[in-house]
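Secondary and tertiary structure notes
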Amino acid sequence: MATNKTARAVKQPTIDLRAHKRSANEKQLQEKTVAELYLDPRNPRLAEVAHTDTQASIQKVLEDEFDLQPLKDSLYRNGFFYEEPLVAVMEPLAQLKGKKALVAIEGNRRLAALKSILSSPAEFPDAAARKRLETVPVVIRDNREETLPFVGFRHITGIVPWESAAKAQYALHLVKGGHTVDGIAHVIGNKTKDIERWIRTQSLIEKANELGLKQENAAKNFYFSYLLTSTDAPATKKWLKLETDARKGTVKSVDGDRLGRLWTWLYGSKEDDASPVITESRQIHKLNRVLAFSDAVKELEKTGNLERSFAHTKSREEYLAESLGRVRSDLQDIVAAVSADGKLVENEDNKEHVQTAKKEFKQVETVLGNLRAVLGL
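Structural notes, computed from the coordinates. Sequence positions are assigned chain by chain, starting from 1 and proceeding in written order. Given that this is a predicted model, residues contribute local features only at a pLDDT of at least 70 and side-chain atom pairs are listed and counted only at 80 or more, while totals for whole chains, interfaces and linings are drawn from all residues. Excluded from the side-chain calculations are hydrogens and water; all other atoms, namely the structure's heavy atoms, are used.

1. Quick look at the overall build of the chain
Operational definition: Under the scheme used here, helices are H or I runs from DSSP no shorter than 4 residues and strands are E runs no shorter than 2 residues, and both carry numbers assigned from the N terminus. Exposed residues in this analysis have more than 50% of their type's maximum accessible area, buried residues have under 20%, and partly exposed residues fall in between, with area computed by a 1.4 Å probe over protein chains only. Per-residue accessibility takes into account occlusion by the displayed protein chains alone, with areas from the Shrake-Rupley method and a 1.4 Å probe.
A count of helices and strands for the chain gives 16 helices and 7 strands. A buried classification covers 39% of the 377 residues belonging to the chain. Counting every atom, the chain has about 22,700 Å² of accessible surface; 51% of that belongs to carbon and sulfur.

Take a look at the structure:
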């Protein structure tokens, strides 16, 4: 009898994440040498930082990007605080060709600091101090997923908060493991709305990556918060034709072509030598408003000029009144700055600037005259 390939896969049971469900062995501290502990290639701290998954690469990223020096100084001076053990699991590592190793799920900055101290006797010459740091307390869990409530509580709700990108990566990992947004909120003690936003944005980044849009191709910097804030707006969601799963928060569908355009407006493209339309976060609300008006979107697609596109989101009269108000304010500032010195007098030192000022003044008068004629004022 032929196997039915379309048969529904058997659903794997979800691991109980409650802390009191840990086994007796998991509740025991064990002493392990720093040498046998590995940094976590899946550490959410690395969400926005390029690395090659090797231990050396992760160590360098943690050294360069996460300010380990205060940790090194404290550990070298005080020793390792047994009140805060590392948390680890036995997992296969690509660097070891799939061989299992003890991977630190919680405490990667401390582990990187320890490895740095132990490998730098010239910088940390006290042999006894280094010796004290060769072995550290570790809680070893049976499964990575079992560590998620503690790690989430510590870095999302607790005292060492992650950046939004790391929170999003963590939350998306949970929903991929079978948990719901409400369930995650209950376990880690955070607002459901925040978790939905993180998951939506990280899921959208994965969709973008599938379309060939990469963070490292950003013309300037890739800011997770730009995509997060942009897709908070109902108008932007509607324009993207963005639909999410109500229980998981993940992206079900999105217009790939429009996502590509939004991505370029937010981040630009090194490959295409395209600058982003958004140069600072405060402009995102303008972009969101532009996406609510088809004429404004057409202007943005045509010119790449956010201000000109934004003008299409207002009535002609509203735009005129606001624009003239800004011009008047600028002219008043000019009057205040130059009026104290009286009339403009030309001399050899300022001749070029005076002539340019006169020319610009006449052009301003011409433009105002044309505007008066067009509007019948």
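2. A short note on the pattern of salt bridges
Note the following rule: Only one rule defines a salt bridge in this text: a Lys or Arg side-chain nitrogen within 4 Å of an Asp or Glu carboxyl oxygen.
Scanning the entire structure with this criterion turns up 17 salt bridges. A salt bridge links Asp64 to Lys60, with the shortest nitrogen-to-oxygen separation between them at 2.6 Å. Pair noted here: Asp64 and Lys60 are both in helix α1 (residues 55-65), with a separation of 4 residues, about one helical turn. Ionic pairing is found between Glu280 and Arg282, a salt bridge with its closest N-O pair at 2.8 Å. Put simply, Asp40, Arg42, Glu91 and Arg144 are held in one network by salt bridges that share partners.

3. Some points on helix α16 (residues 351-375)
Because an α-helix completes one turn every 3.6 residues, residues spaced three or four positions apart along the sequence face the same direction. Put simply, the rule is: Expected helix span is computed as 1.5 Å times (number of residues minus one).
Relative to the 36 Å expected for 25 residues at 1.5 Å per residue, α16 spans 36 Å between its end C-alpha atoms, a close match to the ideal helical length. Phi turns positive one or two residues past the end of α16, at Gly376, with a value near 70°.

4. Side note on a nonpolar patch on the surface
As a reminder of what qualifies: Each patch groups residues whose relative accessible area exceeds 30% and which form no salt bridge, using 9 Å between like charges and 5 Å between nonpolar side chains of Val, Leu, Ile, Met, Phe, Trp and Tyr.
Together, Leu324, Val364, Leu368 and Leu371 line one region of the surface with nonpolar side chains, adding up to about 280 Å² of accessible area. For the nonpolar patch, the leading source of residues is α16, giving 3 residues. With respect to the helices and strands, the residue Leu368 is situated in helix α16. Given the relative accessible area of 41%, Leu368 is considered partly exposed.

5. Comments concerning the sheet that holds strand β3 (residues 86-92)
Formally: Two strands form a pair only when DSSP identifies at least two bridges running between them. The criterion used for residue contact is that any of the two residues' heavy atoms lie within 4.5 Å. As a rule, the C-alpha atoms of each element are fitted with a line to give its axis, helices using only the stretch in contact, and angles between N-to-C directions run from 0 to 180 degrees.
Spatially, the 5 strands line up as an open sheet ordered β1-β5-β3-β4-β2, and their pairing is mixed. Two strands close off the open sheet at either side, each with one partner strand: β1 (29-33) and β2 (37-38). Direction of pairing for β1 relative to strand β5 (residues 135-141): antiparallel, over a ladder of 5 bridges. Pairing of Lys32 across the sheet is with Val136, part of β5. Packing against the sheet, helix α3 (residues 108-118) makes contact with β2, β3, β4 (100-106) and β5, and its axis sits at approximately 120° to β4.

6. Regarding the pairing of β4
The element β4 is extensively covered by neighbouring structure, given that 6 of its 7 residues are classed as buried. Two elements, β2 and β4, share 2 bridges in a ladder whose sense is parallel. Residue Tyr38 lies in a different strand from β4, and its bridge partner there is Val103. Looking at chain direction, β3 and β4 are connected through 6 bridges and run antiparallel. Along β4, the bridge assignment pairs Val87 with Glu106.

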